[in-house]
Amino acid sequence: MSSLSRELVFLILQFLDEEKFKETVHKLEQESGFFFNMKYFEDEVHNGNWEEVEKYLSGFTKVDDNRYSMKIFFEIRKQKYLEALDKHDRSKAVDILVKDLKVFASFNEDLFKEITQLLTLENFRENEQLSKYGDTKSARAIMLVELKKLIEANPLFRDKLQFPNLKNSRLRTLINQSLNWQHQLCKNPRPNPDIKTLFVDHSCGQQNGARAPSPANNPLLGGPVQKPGGFPPLGAHPAPASVPAPLAGWMSNPPTATHPAVSGAPLGLGGPAMPGREFNISALKHPRTPPTNASVDFPSGDSEHASKRTRPLGLTDEVNLPVNVMPVSFPGHAHSQSFNAPDDLPKTVGRVLNQGSSPMSMDFHPIQQTLLLVGTNVGDIGLWEVGSRERLVQRNFKVWDLSACTMPLQAGLVKDPGVSVNRVIWSPDGSLFGVAYSRHLIQIYSYHGNDDVRQHLEIDAHVGGVNDLAFSHPNKQLSVITCGDDKLIKVWDATTGTKQYTFEGHEAPVYSVCPHHKENIQFIFSTALDGKIKAWLYDNLGSRVDYDAPGRWCTTMAYSADGTRLFSCGTSKDGESHIVEWNESEGAVKRTYQGFRKRSLGVVQFDTTKNRFLAAGDDFSIKFWDMDNTQLLTSSEADGGLPASPRIRFNKDGSLLAISANENGIKVLANNDGLRLLRTFENIAFDASRTSEAAKPTVNPISASVASSAGLTDRVPSSVGISAMNGDSRNLGDVKPRIIEETNDKTKIWKLSEINEPSQCRSLKLPENLRVTKISRLIYTNSGNAILALASNAVHLLWKWQRSDRNSNGKATATVSPQLWQPSSGILMTNDVTDTSPEEAVPCFALSKNDSYVMSASGGKISLFNMMTFKTMTTFMPPPPAATFLAFHPQDNNIIAIGMDDSTIQIYNVRVDEVKSKLKGHSKRITGLAFSHVLNVLVSSGADAQLCVWNSDGWEKQKSRFLQLPSGRSPGAQSETRVQFHQDQLHFLVVHETQLAIYETTKLECVKQWAPRESTAPISHATFSCDSQLVYASFLDSTVCVFTAAQLRLRCRINPSAYLSPNISSNVHPLVIAAHPQEPNQFALGLSDGSVHVFEPLESEGKWGLTPPVENGSSSNAPSSTPAGGGSGSDQPQR
């Protein structure tokens, strides 16, 4: 096949993909053999559609083509065979063995015999090589990793794994250009040609000798085409303000009036539209039927204009998509997302805030993604820095200029001053935010960072309530859109407050607005309380759409983040709730999502995230759907305490979800990325716990009466689909000035917090059913509800906290005792040991991200344990050398870095049982390893007191440096150097018996150091708190010290008398310390007598001491540079 024919196949594939002919797309991929769709292949493997998997593969390779192909087919058929055995379907297993696997007997007869013998086993896991086979889902996932590697290495798949980087709707564009050319060749070209078919060449009929338009102002040359709709008709002149195809399909009786173009921007390549020119409006009735009337030209995928113009609603520029992803943008698919439901949905409660009055509407800042704006039922607005739990701004409702208000409003406020917030929303760039109130007004504030909020505009916008507010860019300038009880929609200049448009046509109060644009055509969807949906262009010519929303009452509309898919959520007066996806071209419901309770208790609110998921507050919980699946994906009660229909709002990247809670609360749910985000921003350059000292909310007594207003409490703020413009991550400099000022105030009263008595903190000694000599290693599980310890006798201990009345979330706490957990089998997780005593070995372990497995060693082989059953899944790497430290690669759990007692580091792939690299650079055993997923480096430390930085891509050594030991101090023979990365992934903590230090990774420079006095006991261990704002350090004299991480300055000291009984031997001391993964003020100690203690500050205190005074009057989130050893200045008490 010629190269052009091959390219035509790709164009057809793109067209079919855009038109959602899914089965046909994959059939053509297979039959042509030009493009192997890895995403489709992965889905079929995950779903176990083995017949389709092999059929699809057959278009690209056969079993005996080469060794890669043979291995691919063998792995698939072996998995199919094992699944049949696992279901005890012997007849099916025999059938697979004979029909599918026997072909491999000629290549490896012994292997075939071994596979056959599996039929004789009650459980094939009795076979040693299959002992670590998990469940079907995990086995398929593991196999898929191997299959992808084999496919990528197979030369038959070369150049077939990446789809060409085409602009959208390329085939449509080429056809449109052909029609343009045909029109140019017409003897009597009409200004508005009527093209009804593609089956024959176009030719204009005779029209009284009409002249062809000149190429100079004819937009048809290379003319644009609309990607969601069908092939458009042709027109002699552009009509930027004409009805866009998605709206035209909704119009039951499209208007035929003429009106001037709204936008001055030209369409296509033929030159700008002439000012004042009038054009006819026509509707495109169906996306796949050529229309019979003509006037609308659409921007094409090839138009440079489309990519270079300002993107008013934050649409991102095109990016190069990765291998295995079709670079095609179309509704219903977000192939570029590597997003696995439901693990990446925000479901962990990361923050609980109290606003002081009931939240009615919330919105996260588009750039500073931990900044949450809140409006309440008494007219208050609050601005929270969620990371630090700090309320930056609290404003009670107040009319800024009463004299400028209409007389009805002035009179109404005197009679009843109660006001509720119906909507709060940020502008796309986050420089403004708007507040819509239940009485006439909107207020626009300007935001200048931190707590600097200034009054910008106050508009008496509507008679009655202002039900919704949104920002838009209709003419490349920012506008505010409002709607109200007076059945009107109004558009205001966001700079001056001048009214620009008023849209009339609804016959009931307008409930919500949703501005959007397709290419350069701006429009607004609106919904009213009679269930009508209408759409408006910015032209005062009336609604272009008149349609009924499901439920026919309170409905909000929102687009997916990429602007390609339209959804609505509504609740009827009878409490029936609906979330649906719309087919914009046809004005019809395309998909209805299931999972609501029969009668919702209140109006349901929803939101979208990641171009992939929908969420709604219903039935005292949050419910989640995949956009492509109508069945409920999952739900979360957020640890309880939610109202019947919670208000919800995602942040821009979908890592956080704010939810209104009972008793004026706000819960912020987070996924793993969200938890990292919260910890990164928590307590920027200062202590997070000062939120407890923030001003308490003051409820305006005059307006408090509105809190019981029945109608307002069911109000759902609109979740309009306004995507914020892309912005950089938060500028930490914004928060410096005020923090410095507050910190300086505290220097006047600061003193070191000393804890000497058990009554001065909360501590808990964990129950001991098994006697062990000492605790060698200690860690919290990632879920935060258990503690795992490795004792010096190679036995693991696991304590689990259960949900109870005293511990509603089931997390680790010092107030409730956990259970020392064992499976019903009674077995222990015990490491392999050598002939030498395990007490003399160097123990080490690492926990998988999902807490399912622990990898551990105590001088012997490395063991992999199942945390649920305590069974040993496998052992590997017998000594010598022995493993002394273990760390999982952050991006691939199959890769582990193993520090050895011979000073090497081995990079080991568990899946293929192979050492990929061996790193040499230390002179003594490895005592610490830490990965930075931001810098793509591995930092190692050794008993030689040396630090090394390795590139984690090629494993080359980048830098190395020896610790700066205090003068006169040399490292002991058994001294360990530990390393741990800060939340910013740029700095890391170094722990040595002689010092604590903070290093900057790229330069490997020490920027902070704290050293105990010579007479003081050595440091036994130390760790960052989960938010990296504190450092917990234990000492061999049983003292525990708490430092501020930014300055390595002592803020609290816990003396042994606070937690050790007086009759305990003086030789008992902490060996290891671990920090809770979600609670910054909780840590645990593992002691030399085999006991484990959990510590938290008193509830009345909420934190460990006060932040010490800042050196040199500065405070920084990143450790700032001070001379080595500068942590022991005379202005701070010594240990």
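Residues numbered from 1 in each chain as written. Predicted model: local features only at pLDDT ≥ 70, side-chain atom pairs only at ≥ 80, totals over all residues. Heavy atoms only, no water.

Caption draft 1: Structural context of the overall build of the protein chain. Looking only at helices and strands, one finds 14 helices and 59 strands in the protein chain. Looking at the 1135 residues of the protein chain, the share that counts as buried comes to 57%. Considering only residue pairs separated by 6 or more positions, the protein chain has 58% of its internal contacts joining residues 24 or more positions apart. On the protein chain, roughly 45,600 Å² of surface is accessible, and the fraction owed to carbon and sulfur atoms is 49%. (Helix = DSSP H or I, 4+ residues; strand = E, 2+ residues; numbered from the N terminus. Buried < 20%, exposed > 50% of the residue type's maximum accessible area, 1.4 Å probe, protein only. Contact = heavy atoms within 4.5 Å. Areas by Shrake-Rupley, 256 points an atom, 1.4 Å probe, with all protein chains shown as cover.)

Caption draft 2: Broad picture of the nonpolar core. Membership of the largest hydrophobic core comes to 40 residues, with the highest contact counts inside it found for Phe36, Phe41, Leu57, Ile76, Tyr81, Leu101 and Ile151. Of all the secondary structure elements, the ones that give two or more residues to this core are helix H3 (38-46), helix H4 (50-57), helix H5 (67-86), helix H6 (90-101), helix H7 (109-117) and helix H8 (136-153). For this core, the element with the most residues is H5, which contributes 9 residues. Not counting residues within four places of it along the chain, the set of residues in contact with Tyr81 comprises Ala93, Ile96, Leu97, Leu101, Ile115, Thr116, Leu118 and Leu119. (Core = buried A, V, L, I, M, F, W, Y, C linked by side-chain atoms within 4.5 Å.)

Caption draft 3: Focus on the pairing of strand S55 (residues 1040-1044). Counting buried residues along S55, 5 of its 5 residues qualify, which places the element largely inside the surrounding structure. Side chains Val1040, Val1042 and Thr1044 project from S55 onto one buried face, and the interleaved Cys1041 and Phe1043 project onto a second face that is buried too. Across 5 bridges, the pairing between strand S54 (residues 1030-1035) and S55 is antiparallel. What sits directly across from Ser1034, in S55, is Val1040. Hairpin connection of S54 to S55: 4 residues between the antiparallel strands, including Ser1038 at a positive phi of 80°. Hairpin connection from S55 to strand S56 (residues 1049-1054): 4 residues lie between these consecutive antiparallel strands, with Leu1048 at a positive phi of about 50°. (Pairing = 2+ DSSP bridges.)

Caption draft 4: Summary view of the packing of aromatic side chains. One pass over the full model with this rule turns up 37 aromatic pairs. Centroid distance Phe503 to Trp536: 5.4 Å. Interplanar angle 15°. Geometry classified as stacked. Separated by 33 residues along the polypeptide, Phe503 in strand S15 (residues 499-503) and Trp536 in strand S18 (residues 532-537) bring together distant segments of the chain. Using a relative accessible area of 2% as the deciding quantity, one classes Phe503 as buried. Each ring, one from Trp1010 and one from Phe1043, has its centre 4.8 Å from the other, and the planes form 65°; the classification is edge-to-face. With Trp1010 in strand S52 (residues 1005-1010) and Phe1043 in strand S55, this pair connects stretches of sequence that are 33 residues apart. For the pair Trp1010 and Phe1043, a shared accessibility class is recorded, and that class is buried. (Phe/Tyr/Trp six-rings, centres within 6.5 Å; stacked < 30°, edge-to-face > 60°.)

Caption draft 5: Quick look at the sheet that holds strand S59 (residues 1092-1097). Strand order in the open sheet formed by 4 strands is S32-S59-S58-S57, and the pairing between neighbours is antiparallel. Every other strand in the sheet has two partners, leaving strand S32 (761-765) and strand S57 (1070-1075) as the edge strands with one partner each. Direction aside, the axes of adjacent strands within the sheet are offset by 20° on average. Examined bridge by bridge, strand S58 (residues 1083-1087) and S59 share 4 bridges and lie antiparallel to one another. Residue Ala1084 lies in a different strand from S59, and its bridge partner there is Val1094. (Axes fitted to C-alpha atoms, helices over the stretch in contact; angles between N-to-C directions.)

Caption draft 6: Seen up close, the pattern of salt bridges. Evaluation of the coordinates by the stated rule reveals 33 salt bridges. In this structure, Asp363 and Arg649 form a salt bridge, with 2.9 Å as the shortest nitrogen-oxygen distance. You can see Asp363 sitting in strand S4 (residues 359-364) and its partner Arg649 sitting in strand S28 (residues 648-650), a full 286 residues away along the chain. Among the residues examined, Asp363 registers a relative accessible area of 6% and is labelled buried. Linking Lys916 and Glu914 is a salt bridge whose minimum nitrogen-to-oxygen distance equals 3.8 Å. Among the residues examined, Lys916 registers a relative accessible area of 44% and is labelled partly exposed. What you see here is one network of salt bridges that share partners, running through Arg565, Glu581, Lys590, Arg591 and Asp628. (Salt bridge = Lys/Arg side-chain N within 4 Å of Asp/Glu carboxyl O.)

Caption draft 7: Region of interest: the sheet that holds strand S37 (residues 844-847). Sheet architecture is open: 4 strands sit in the order S37-S38-S39-S40, paired in antiparallel fashion. With partners counted over all chains shown, the strands left at the sheet margins are S37 and strand S40 (872-876), one partner each. For this sheet the average axis-to-axis angle between neighbouring strands, irrespective of direction, equals 15°. Two strands pair when backbone bridges link them, and S37 and strand S38 (residues 853-857) are joined in this way by 4 bridges, in the antiparallel orientation. Its bridge partner lying in S38, Cys844 is registered against Ala857.

Caption draft 8: The arrangement of the packing of H5 against H6 in detail. Contact pair H5 / H6: the axes reach a minimum separation of 8 Å and the direction vectors enclose 165°. Taken together, the axis directions place H5 and H6 in an arrangement best described as roughly antiparallel. Here H5 and H6 pass one another in a crossing that is left-handed. Of the residues in H6, those in contact with Phe74, Arg77, Lys78, Lys80, Tyr81, Ala84 and Leu85 of H5 are Arg90, Lys92, Ala93, Ile96, Leu97, Asp100 and Leu101. (Parallel < 35°, antiparallel > 145°, perpendicular 65-115°, else oblique. Left-handed = near helix turned anticlockwise from the far one by under 90°.)

Caption draft 9: Representation of H6 in the model. Buried residues of H6: Ala93, Ile96, Leu97, Asp100 and Leu101, and no others. Burial along H6 is one-sided: seen end-on, the buried residues are contained in an arc of 115°. Opposite the buried face of H6, at more than 90 degrees from it, the exposed residues are Ser91, Val98 and Lys99. Summarising the contacts, the buried residues of H6 are in contact with H5 and H7. (Arc of directions from axis to C-beta.)

Caption draft 10: Structural view of the side chain of His1093. Turning to its location among the elements, His1093 is positioned in strand S59. Of the residues examined, His1093 reaches a relative accessible area of 6% and is grouped as buried. In this structure the side chain of His1093 is engaged in a polar contact, spanning 3.4 Å, whose partner is the side chain of Ser1091. The contacts of His1093, once residues within four sequence positions are left out, are Leu764, Lys765, Tyr1059, Phe1083, Ala1084, Leu1085 and Leu1087. (Polar contact = N/O pair within 3.5 Å; in protein donor to acceptor, adjacent residues only side chain to side chain.)

Caption draft 11: Region of interest: unusual backbone geometry. The omega torsion across Pro879 and Pro880 is -5°, close enough to zero to call that bond cis. The amide bond that connects Pro880 to the next residue, Pro881, takes the cis arrangement and shows omega of -10°. Locating Pro881 in the fold gives a position in the loop between S40 and strand S41 (883-888). One non-glycine residue, Lys610, lies in positive phi territory at about 60°. Secondary-structure assignment places Lys610 in the loop between strand S24 (606-609) and strand S25 (613-618). Residue Lys610 is classed as partly exposed on the basis of its relative accessible area, which comes to 23%. Although it is not a glycine, Met877 adopts a positive phi angle of roughly 55°. Tracing the chain through its elements places Met877 in the loop between S40 and S41. Judged by relative accessible area, which is 15%, Met877 ranks as buried.

Caption draft 12: Structural context of the pairing of strand S11 (residues 453-460). As paired elements, strand S10 (residues 441-447) and S11 share 7 bridges and run antiparallel to each other. Residue pairing across strands places Ile444 opposite Leu457, the latter belonging to S11. Taken together, S10 and the strand that follows it, S11, pair antiparallel across an intervening segment of 5 residues, in which Gly449 is found at a positive phi of about 95°.

Caption draft 13: Region of the structure containing the confidence of the model for the protein chain. Looking at the protein chain, pLDDT values average 78 and 78% of them are 70 or higher. Confidence over residues 207-341 falls short of pLDDT 50; this stretch has 327 contacts with residues more than four positions distant or in other chains. In this model, residues 1112-1135 is a region of pLDDT below 50 whose contacts with residues beyond four sequence positions or in other chains number 63 contacts. (pLDDT = per-residue confidence, 0-100.)

Caption draft 14: Looking closely at the side chain of Arg439. On the secondary structure map, Arg439 appears in the loop between strand S9 (432-437) and S10. Among the polar contacts made by the side chain of Arg439, one reaches the main-chain carbonyl oxygen of Gly418 at a distance of 2.9 Å. Among residues more than four places away in sequence, those in contact with Arg439 are Leu409, Gly412, Leu413, Asp416, Pro417, Gly418, Val419, Gly464 and Gly465.

Caption draft 15: Quick look at the environment of His1076. Considering the arrangement of structural elements, one finds His1076 in the loop between S57 and S58. Judged by its relative accessible area of 0%, His1076 is buried. In this structure, the C-alpha to C-alpha distance between His1076 and Ile779, residues 297 residues apart in sequence, is 8.4 Å. In contact with His1076, other than residues within four places in its own chain, are Tyr780, Gly784, Lys811, Ala812, Cys1026 and Gln1082. A distance of 3.0 Å separates a polar atom in the side chain of His1076 from the backbone oxygen of Gly784. At 3.0 Å, the side chain of His1076 and the backbone nitrogen of Glu1079 are in polar contact.

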